[in-house]
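The residues making up each chain are set out below.
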Amino acid sequence: MPTHPVARVGRRIVFAGAAALTATLALAAPAAAHAEVEADRPQALAENVTLSFVSEAESDSAGFTKLRIVLPEGIAPADVTLDEEPKGWKLTATNDGYSLGGPALKTGVDAEHKIKVRQLPDEKELVFKTVETYSDGEVSRWIELPTGGKESEQPAPVLKLKAAAPGAKTVSAGPSASESATAGPTPSATGSVAAASDTDAKTAESDNSSTGVIIGVVLAGLAVLGGVAWWLVQRRNASSRS
């Protein structure tokens, strides 16, 4: 008796399992949206540098209403001035950076703004942790840093800098944030970005563990299905020979 029908069944089982694994991996992949930062002069100790920020819209039902930026060490909130922003949005200095917000943007529209920084610090790279708020209350936190060589699911915007120009020096520091801020964020409204980072890290770790379990189960199921298909073929071959 021909063995081809059984072999075809085995192949179909394996292909179906592979398709299920592909779908599982696709669902486990992180969102494509992200936050970015660029500079017109990305060089350490450069003065009067314009930084451009882009937060990509990822909501299908709401638009951005607010951005919260944590400035890296070496850039004081008083050293930042708003250069370009969405219509109607205002900048407010905070103790560790600034917030920018106003009327909700249209759904699907990226939030873009520019600031001018008095001077960039003498570093190789700068991290700008970003928290985005939508009109429906949804919050996206782009505050994670790579750890252990692994890429983060919600990486913070990072600006890489060239080495300082010969003879470049640090200019005198500006006033503190408490002297220049018109209104700082209330703890209940914004919370601590550091605490949020810890919470998000634990959540990401839990999600990664769950994803690993799901993938492990799918792979085990594929192995079992493949074994069953092979057994059926061998049994059919033995029967035909006898």
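Residues numbered from 1 in each chain as written. Predicted model: local features only at pLDDT ≥ 70, side-chain atom pairs only at ≥ 80, totals over all residues. Heavy atoms only, no water.

Overview of the sheet that holds strand β6 (residues 97-101)
Next up, step 1: Read from one edge of the open sheet, five strands run β5-β6-β3-β9-β10, paired in antiparallel fashion. Lying at the two open borders of the sheet, with one neighbouring strand each, are β5 (90-93) and β10 (139-142). Each strand axis lies, on average, 15° off the axis of its neighbour in the sheet, ignoring direction.
Next up, step 2: One ladder, built from six bridges, connects strand β3 (residues 64-70) with strand β9 (residues 129-134); its direction is antiparallel. Residue pairing in the sheet places lysine 66 in a bridge with threonine 133 of β9. (Pairing = 2+ DSSP bridges. Helix = DSSP H or I, 4+ residues; strand = E, 2+ residues; numbered from the N terminus. Axes fitted to C-alpha atoms, helices over the stretch in contact; angles between N-to-C directions.)

Points about the confidence of the model for the protein
Next up, step 1: Across the protein, the average pLDDT comes to 77, with 57% of residues at or above 70.
Next up, step 2: Contacts of residues 22-31 to residues separated by more than four positions or lying in other chains number seven contacts, the stretch itself having pLDDT below 50.
Next up, step 3: This stretch, residues 177-211, has a pLDDT under 50; its non-local contacts, to residues over four places away or in other chains, come to 29 contacts. (pLDDT = per-residue confidence, 0-100. Contact = heavy atoms within 4.5 Å.)

Comments concerning the environment of leucine 126
Next up, step 1: Turning to its location among the elements, leucine 126 is positioned in strand β8 (residues 125-127).
Next up, step 2: Overall, the relative accessible area of 1% leaves leucine 126 in the buried class.
Next up, step 3: Sequence-distant contacts of leucine 126, defined by excluding residues within four places in its chain, comprise Pro72, Ile75, Leu120, Pro121, Pro157, Val158, Leu159 and Leu161. (Buried < 20%, exposed > 50% of the residue type's maximum accessible area, 1.4 Å probe, protein only.)

Here's the deal with the sheet that holds strand β2 (residues 47-55)
Next up, step 1: As summarised here, the arrangement of the four strands in space is β1-β2-β7-β4, forming an open sheet in which the pairing is antiparallel. Edge positions in the sheet fall to β1 (35-39) and β4 (80-84), since each of these pairs with one other strand and no more. Each strand of the sheet is rotated relative to its neighbour by a mean of 30°, with strand direction disregarded.
Next up, step 2: Where β4 meets strand β7 (residues 111-119), four bridges bridge the pair, whose relative direction is antiparallel. Looking at the pairing, valine 80 lines up with valine 117 of β7.

Some words on the pairing of β7
Next up, step 1: Alignment of β2 against β7, held across eight bridges, turns out to be antiparallel. Within β7, the residue paired with glutamate 47 across the bridge is glutamine 119.

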